[in-house]
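Breakdown of the fold
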Amino acid sequence: MKIYNSLSRQLEDFVPLNSEQVSIYSCGPTVYDYIHMGNARTALVTDIIRRYLVYRGYKVKLVQNLTDIDDKIINRAAELGVSAKQLAHENGEAFFEDSQRLGIHPADVHPKATEHIPEMISLIQTLIDKGAAYVIDGSVYYRVHQFAEYGKLSHRKPEDLLAGARVEIDERKEDPRDFDMWKAAKPGEPSWDSPWGKGRPGWHIECSAMAMKHLGETIDIHAGGEDLQFPHHENEIAQSELATGCTFARYWMHVAFLKIDGRRMGKSEQNFILLRDALDHYPTEVIRHFLISAHYRHPLDYNPESLAKSEGALRRLNNCLDALKKYDGQSNASETETEPLQDAIQTMQSRFADAMDTDFNTAQALGVIFTLVGEVNRLLATSNGATAPVFAQAYQALTETCEVLGIYNSDVQDGGNVEQRDQLIALLLEVRQEARSRKDWDTSDKIRDRLKEINIEIQDTREGATWKIVS
RNA sequence: GGUGGCGUAGCCAAGUGGUAAGGCCAGAGUCUGCAAAACUCUUAUUCGUCGGUUCGAUUCCGACCGCCACCUCCA
């Protein structure tokens, strides 16, 4: 299994530190607003990495933080006239709700910055004690030149960094590159007591402290959006590694941007689509399919046309799976004869693993799945090229892989009197069939048309009429 | 200015030093009372442009053109 490590800019063999459990830390959102599709992309990539590792037999501990104290939260709260705490709480809950709607499994731990102040203070103190930080007017700054490897993740040279530090140079800092780990409180702002006076933590120290608290001094995989590579992740490394002397994260994964109209989707760009709005328009599986239709390290453009394509692709997949479903459970354990479809199933499984093993190539994995869908459809059409047990195997294999990607949900039936509804429709189809046999097309078409009006679509097939719900 | 990335059929998108996955759309067909849906088949002598290396390059190297991102809060 190989992962592209931003640190080395190479595909590396993935070998977890502890063979018992893989540790993953994923930078979560700053909860001052609902999350948008770009945030969703990163969260989804993390979710699929976790699912795939589990599929491959690893135990995984995933930590995804919430930054719930920050300038943006304070400012937005002031605009809205609510407390920062209240705003962060509401958006945090909304984040969990949106994630869940996208089919993202909750992380094992969702630490919040405000609940880890003591850990952060302690980490900052360690850095001060080591001479790697200094205090000015109640704020604590990290002394970047103390860390010889600074820039190793973003591959920047010190002089380039200085050139970049052209905005608002704080003259009090020893070096323009130095960043704050503790911000002295301004009047009216939320603050916590610290050895340096009242204040609040800087963004970077939050992740260092929370990652190390929940996953230890060295973690296997650290993931986040590509914008976080510098300075956020670079600073996390500087803080953590200088404090512990250990490697902070062994594999750094950065998810490329989601774009819209060719430009980055970003909150500051005002061009974002909220995940919850997208979820109101498209099924979960469609959005997931769209987000994984390109490799995670390549930019992906959001537009209605692409979503429509995913909708079509999913329809093809679902039709195939629906047709296979009736064979489910019919597999004979003693089945030994080899059939062409069995080979195709095995080929699909091994190619799926190959694709995912190579830096989680979901786009390629989808291609592999759809290749088998084509094979199945061909045999289903002739219905003499394979037997029920093999179709059952195909169903199992397909649903298993689709489940890793989260693009198929076999029990999507909404609640209510589903059974009763099904019986009612079956009755209508029966009446319609009687009318058809009398060539009473008026009655037949009336039933079809009226059902269509309530989004139930009849399809006359060789084996008789079937129906499904359309939107 | 520094750094990195991208440019593959009408559209989206994988991929490989040995001759281009998959999806959408389109066209043809099967099915059907009609329809819808579904399914099948077909669709890139070619991978931004120009050079170079090679028996052979879309894949490696160089130049150029175009687009994007990071260097400043942002997944």
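Attention in this report is confined to the structure presented alongside it. (Residues numbered from 1 in each chain as written. Chains lettered and ligands numbered in written order. Predicted model: local features only at pLDDT ≥ 70, side-chain atom pairs only at ≥ 80, totals over all residues. Heavy atoms only, no water.)

1. Quick look at the nonpolar core
Note the following rule: Grouping buried Ala, Val, Leu, Ile, Met, Phe, Trp, Tyr and Cys residues that are joined through side-chain atoms within 4.5 Å yields what is termed a nonpolar core. When a residue's accessible area, from a 1.4 Å probe over protein chains only, is under 20% of the maximum for its type it is buried; when over 50% it is exposed; and in between it is partly exposed. Start and end positions for the domains come from either an automated domain assignment or a database one. Contacts are residue-level and defined by heavy atoms, with any inter-residue pair within 4.5 Å sufficient.
Formed by 89 residues in total, the largest nonpolar core has its most connected members in Met37, Leu291, Tyr302, Leu324, Leu341 and Phe352. Looking at which domains feed residues into this core, each of domain 1 (2–277) and domain 2 (316–405) gives three or more. Residues within four places of Tyr302 in sequence aside, it is in contact with Met37, Leu258, Lys259, Ile260, Asp261, Met265, Ile273, Ala278, Tyr282, Phe290 and Leu307. Formed by 40 residues, the second largest nonpolar core is a distinct cluster that contains Val63, Ile117, Ala132 and Trp252.

2. Some remarks on the protein's contact with RNA strand B
Note the threshold: Whether a residue is near a molecule or strand depends on its heavy atoms: if one lies within 4 Å, it is near. Polar contacts, as used here, are pairs of N or O atoms within 3.5 Å; protein pairs need one atom able to donate a hydrogen and one able to accept it. Residues neighboring in sequence count only if both atoms are side-chain atoms. In this text, helices come from DSSP runs of H or I with a minimum length of four residues, and strands from runs of E with a minimum of two, each type numbered from the N-terminal end. Only Asp, Glu, Lys and Arg are considered charged, only Ala, Val, Leu, Ile, Met, Phe, Trp, Tyr, Cys and Pro nonpolar, and every remaining residue, Gly among them, polar.
In the vicinity of RNA strand B, 58 residues are found, and the nearest of them are Trp203, Gly225, Leu228, Met265 and Lys309. The sugar-phosphate portion of RNA strand B accounts for 67% of its atoms within 4 Å of the protein, the bases making up the rest. Between a sugar or linking oxygen of RNA strand B and a side-chain N or O atom of Lys309, the distance comes to 2.5 Å. Between RNA strand B and Asn361 there is a distance of 2.6 Å, counted from a phosphate oxygen to a side-chain nitrogen or oxygen. Among the elements that make up the surface near RNA strand B, the one with the highest residue count is helix H12 (residues 362–382) (9 residues). Grouping the constituent residues of the surface near RNA strand B by class yields 16 nonpolar, 24 polar and 18 charged.

3. With respect to the packing of aromatic side chains
Threshold: Pairing of aromatic side chains here covers Phe, Tyr and the six-membered ring of Trp, requires ring centres within 6.5 Å, and sorts the geometry by plane angle: under 30 degrees stacked, over 60 edge-to-face, intermediate tilted. Geometrically, a lysine NZ or arginine CZ counts as sitting over a ring once it is within 6 Å of the ring centre and also within 35 degrees of the ring normal.
Throughout the structure, instances matching the rule amount to 13 aromatic pairs. With centroids separated by 6.2 Å and ring planes inclined at 90 degrees, the aromatic side chains of Tyr52 and Phe360 adopt a geometry described as edge-to-face. Residue Tyr52 is located in helix H1 (residues 37–55), and its partner Phe360 is located in the loop between helix H11 (340–357) and H12; the two are separated by 308 residues in the primary sequence. On the basis of an interplanar angle of 50 degrees and a centroid distance of 6.1 Å, the ring pair of Phe248 and Trp252 is categorised as tilted. The residues Phe248 and Trp252 share a single accessibility class, namely buried. Over the ring of Tyr296 we find Arg297; its NZ or CZ atom is 6.0 Å from the centre of that ring.

4. A closer look at the sheet that holds strand S4 (residues 60–64)
Filter applied, for reference: The rule for pairing is simple: two strands pair if DSSP sees at least two bridges between them. Structural elements are reduced to axes, namely lines fitted to C-alpha atoms, with helices fitted over the stretch in contact, and the angle between N-to-C directions of any two is expressed from 0 to 180 degrees.
Strand order in the open sheet made by the 4 strands is S4-S3-S9-S10, with parallel pairing throughout. What marks the edges here is a single partner per strand, and that holds for S4 and strand S10 (249–255). Between one strand and the next, the sheet's axes are offset by a mean angle of 20 degrees, whatever the strand orientation. Here strand S3 (residues 22–26) runs beside strand S9 (residues 219–225); their pairing, made up of 3 bridges, is parallel. Looking at S9, one finds that Tyr25 is bridged to His222.

5. Some thoughts on the side chain of Arg200
Along the chain, Arg200 turns up in strand S8 (residues 199–201). The exposure class of Arg200 is buried, given its relative accessible area of 3%. One polar contact links Arg200 to Glu189, side chain to side chain, over a distance of 3.3 Å. Discounting residues that sit within four places of it in the chain, Arg200 has contacts with Ile69, Asp70, Asp71, Ile74, Met181, Trp182, Lys183, Glu189, Pro190 and Trp192.

6. A closer look at the pairing of S3
Summarising burial for S3: 5 of the 5 residues are buried, a large majority. Across the two faces of S3 the burial is the same, with Val22, Ile24 and Ser26 and Ser23 and Tyr25 all buried. As defined by bridge partners, S3 adjoins S4 across 5 bridges and the pair is classed as parallel. What sits directly across from Tyr25, in S4, is Val63.

7. What to know about helix H3 (residues 84–101)
Defined as follows: Here a helix's expected span is defined as the number of its residues, less one, multiplied by 1.5 Å. Here the arc refers to the set of directions running from the helix axis out to each C-beta atom.
Its 18 residues place the ends of H3 26 Å apart at the C-alpha level, agreeing with the 26 Å of an ideal helix rising 1.5 Å per residue. When H3 is considered as a whole, its buried residues turn out to be Ala84, Leu87, Ala88, Asn91, Gly92, Ala94, Phe95, Asp98 and Ser99. Buried residues along H3 cover an arc of 170 degrees about the axis, so they all sit on one side. Exposed positions of H3 whose direction lies more than 90 degrees from the buried face are Lys85 and Gln100. Directly beyond the C-terminal end of H3, a positive phi value near 80 degrees is found at Gly103.

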